[in-house]
Amino acid sequence: MLNQDQLSQYQAQCNVLYHAIYFEPSDVMPDRLRAVDVVHSWPQTGAADSRAAGLALLGEALSEDNDTLLPRLKRDFTELFIGPVELKAIPWGSPYLHEKRLLCGPSTQALVQFYQHYGILVTTQLNEPVDHIGLMLSVLSSLLEQEVDKQDGAALEVLRVLLAEHLLPWSPRFCDKLANAAQTPYYRGLALLITSVLEGLKQDLGVQPLSLQLFQ
């Protein structure tokens, strides 16, 4: 069982990764990461190998000044997640789980119902699908924060189901595609850090993900 410090560390990691992967690059995130010396202050929870490799890549990216770094990040972000041609790393779960690679497929609707059942509110940009990996990292962060506050195990049980049924069946494929397609060490590093956190939570919480066919 995770102690309070470990839960808080996972919560902080999920929150940072949500902001880093979900929002279009700006000065804000690189500046914040440099200010806290992220390579040396990043929590030690999560899978060690992918964490170390991810932080090394992130440190390489942050060694550049923003005038050099941001144009590269914005171009990478657009090609990976926006288009206009085929996305290199689709950040929504449904296309991985639906044979026609549709957005808002049955898995998205199942996630919406899951959130409604547990009273989880998700704020999206432009009414996009809630199964964006960044938004799901945000929900993980919120659930971990609830567990730290209440310490009754209820939020952890919800988190286990979210991981097992709605995120871990497809997130490793997303992380692999992101790591392979990203043109910047920043996004390659984020792919490895997401892998580290999700693998760590899976192991530390004894989560057994559903084995589902993937179409990406």
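Anything mentioned here points back to the structure above.
Computed from a predicted model, the values in this text were never measured in an experiment.

Caption draft 1: A look at the state of the cysteines. Applying the stated criterion across every chain yields a total of 0 disulfides. Cysteine Cys 14 is unpaired, with the sulfur of Cys 175 as its nearest cysteine sulfur at 12 Å.

Caption draft 2: Looking closely at the packing of aromatic side chains. Inspection of every chain in the model, using the stated rule, returns 12 aromatic pairs. With 6.3 Å between their ring centres and 70° between their planes, Trp 170 and Phe 174 make a pair best called edge-to-face. Using a relative accessible area of 1% as the deciding quantity, one classes Trp 170 as buried. One aromatic cluster is present, formed by Phe 77, Phe 81, Tyr 96, Trp 170, Phe 174, Tyr 186 and Tyr 187 through successive ring pairs.

Caption draft 3: Layout of the environment of Gly 189. Structurally, the position occupied by Gly 189 is in helix α11 (residues 185–205). C-alpha separation for the pair Gly 189 and Glu 60, spaced 129 residues apart in sequence, amounts to 9.3 Å. In this view, Gly 189 contacts Gly 54 and Leu 57; residues no more than four positions away in its chain are not counted.

Caption draft 4: Broad picture of the nonpolar core. Formed by 67 residues in total, the largest nonpolar core has its most connected members in Leu 140, Leu 163, Leu 178, Tyr 186 and Tyr 187. Ranked by residues supplied to this core, first place goes to α11 with 10 residues. Not counting the four nearest positions on each side in its chain, Tyr 186 is found in contact with Ala 20, Met 29, Leu 33, Leu 57, Leu 58, Ala 61 and Leu 73.

Caption draft 5: Structural view of the packing of helix α8 (residues 133–150) against helix α9 (residues 154–167). The interhelical angle for the contact between α8 and α9, taken along N-to-C directions, is 160°, at an axis separation of 8 Å. The pairing of α8 with α9 is recorded here as roughly antiparallel in orientation. Handedness of the α8/α9 crossing: left-handed. In this structure, α8 uses Ile 133, Met 136, Val 139, Leu 140, Leu 143, Leu 144, Gln 146 and Glu 147 to contact α9, whose residues at the interface are Ala 154, Ala 155, Leu 156, Val 158, Leu 159, Leu 162, Leu 163, His 166 and Leu 167.

Caption draft 6: Structural detail: unusual backbone geometry. In this structure, Pro 84 follows Gly 83 across a cis peptide bond, with omega equal to 20°. Its place among the elements puts Pro 84 in the loop between α5 (66–82) and α6 (94–97). One non-glycine residue with positive phi stands out, namely Asp 37, at about 50°. Relative to the elements of secondary structure, Asp 37 occurs in the loop between α2 (28–35) and α3 (38–41). Although it is not a glycine, Gln 151 sits at a positive phi angle of roughly 55°.

Caption draft 7: Broad picture of the side chain of Asn 66. Tracing the sequence through the fold places Asn 66 in helix α5. There is a polar contact of 3.0 Å between the side chain of Asn 66 and the side chain of Asp 31. Setting aside chain neighbours within four positions, we find Asn 66 in contact with Asp 27, Pro 30, Asp 31, Arg 34 and Pro 71.

Analysis parameters
- Residues numbered from 1 in each chain as written.
- Predicted model: local features only at pLDDT ≥ 70, side-chain atom pairs only at ≥ 80, totals over all residues.
- Heavy atoms only, no water.
- Disulfide = S-S within 2.5 Å.
- Phe/Tyr/Trp six-rings, centres within 6.5 Å; stacked < 30°, edge-to-face > 60°.
- Buried < 20%, exposed > 50% of the residue type's maximum accessible area, 1.4 Å probe, protein only.
- Helix = DSSP H or I, 4+ residues; strand = E, 2+ residues; numbered from the N terminus.
- Contact = heavy atoms within 4.5 Å.
- Core = buried A, V, L, I, M, F, W, Y, C linked by side-chain atoms within 4.5 Å.
- Axes fitted to C-alpha atoms, helices over the stretch in contact; angles between N-to-C directions.
- Parallel < 35°, antiparallel > 145°, perpendicular 65-115°, else oblique.
- Left-handed = near helix turned anticlockwise from the far one by under 90°.
- Polar contact = N/O pair within 3.5 Å; in protein donor to acceptor, adjacent residues only side chain to side chain.

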